[in-house]
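# Structure assessment
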Amino acid sequence: IWPEVTDPAKFVYEDVAIAAYLLTLWEDERHHLNVTRKQSFVDLGCGNGLLVHILSQEGHPGYGIDLKRRKIWEMYGPSTVLKETAIVPLEHLAFADTDWLIGNHSDELTPWIPLLAARYQNETERCSPFTCSPLLDVQVVLPDTVFCVALLLL
């Protein structure tokens, strides 16, 4: 039962596809780096929390943050960590131990995610490619590091 007013067909398929992409990418990354520890993440603007739930169920430590709590959050159980809070990009300093910042539905935070990741260049070296919309479209690839660089193309 989908307790939200949003169309489940759009959000469920989209989040499952993004989770499949990230899980495959992360498995390849672990293989390439010869490590077994699963990547940690924070999903900024997590919305219904389904992406967080899937990644958590696959063993990746992480949590989601959204400005508004959703009804469906109660259905996931305690292993899916979802937080209702605001993020002030220039003040928020909580991602130092996070491998990936994800901004799939981050709305106003989207241009800030690469900058938040850059603040932790030595610790948090990656942000999700989903943070780069067609208007924020430059991706810089460095050895063993992927950064999304936000450039507003007007």
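Above: the structure in question.
Residues numbered from 1 in each chain as written. Predicted model: local features only at pLDDT ≥ 70, side-chain atom pairs only at ≥ 80, totals over all residues. Heavy atoms only, no water.

Its location among the elements puts Asp-66 in strand S2 (residues 62–66). Taking the relative accessible area as the measure of exposure, Asp-66 reaches 9% and is therefore buried. Polar side-chain contacts of Asp-66 include one of 3.1 Å to the backbone nitrogen of Lys-68. Among the polar contacts listed, one links the side chain of Asp-66 to the side chain of Arg-70, at a separation of 3.0 Å. (Helix = DSSP H or I, 4+ residues; strand = E, 2+ residues; numbered from the N terminus. Buried < 20%, exposed > 50% of the residue type's maximum accessible area, 1.4 Å probe, protein only. Polar contact = N/O pair within 3.5 Å; in protein donor to acceptor, adjacent residues only side chain to side chain.)

Next up on the list: a nonpolar patch on the surface. Taken together, the side chains of Leu-90, Trp-112 and Leu-115 make up a nonpolar region of the molecular surface, amounting to roughly 320 Å² of accessible area. Note that Leu-115 resides in helix H4 (residues 113–119). Look at Leu-115 and you get partly exposed, because its relative accessible area is 48%. (Patch = residues over 30% accessible without salt bridge, like charges linked within 9 Å, V, L, I, M, F, W, Y side chains within 5 Å. Areas by Shrake-Rupley, 256 points an atom, 1.4 Å probe, with all protein chains shown as cover. Salt bridge = Lys/Arg side-chain N within 4 Å of Asp/Glu carboxyl O.)

Let us now look at the pairing of strand S1 (residues 41–44). Side chains of S1 alternate between two faces, with Phe-41 and Asp-43 and Val-42 and Leu-44 buried alike. Between the parallel pair S1 and S2, the chain is carried across by helix H2 (residues 50–57), and the sense of this crossover is right-handed. In this sheet, strand S4 (residues 100–102) lies alongside S1 in parallel orientation, the contact comprising three bridges. Of the residues in S4, the one forming a bridge with Val-42 is Leu-101. (Right-handed = clockwise from strand over helix to strand, strands pointing away. Pairing = 2+ DSSP bridges.)

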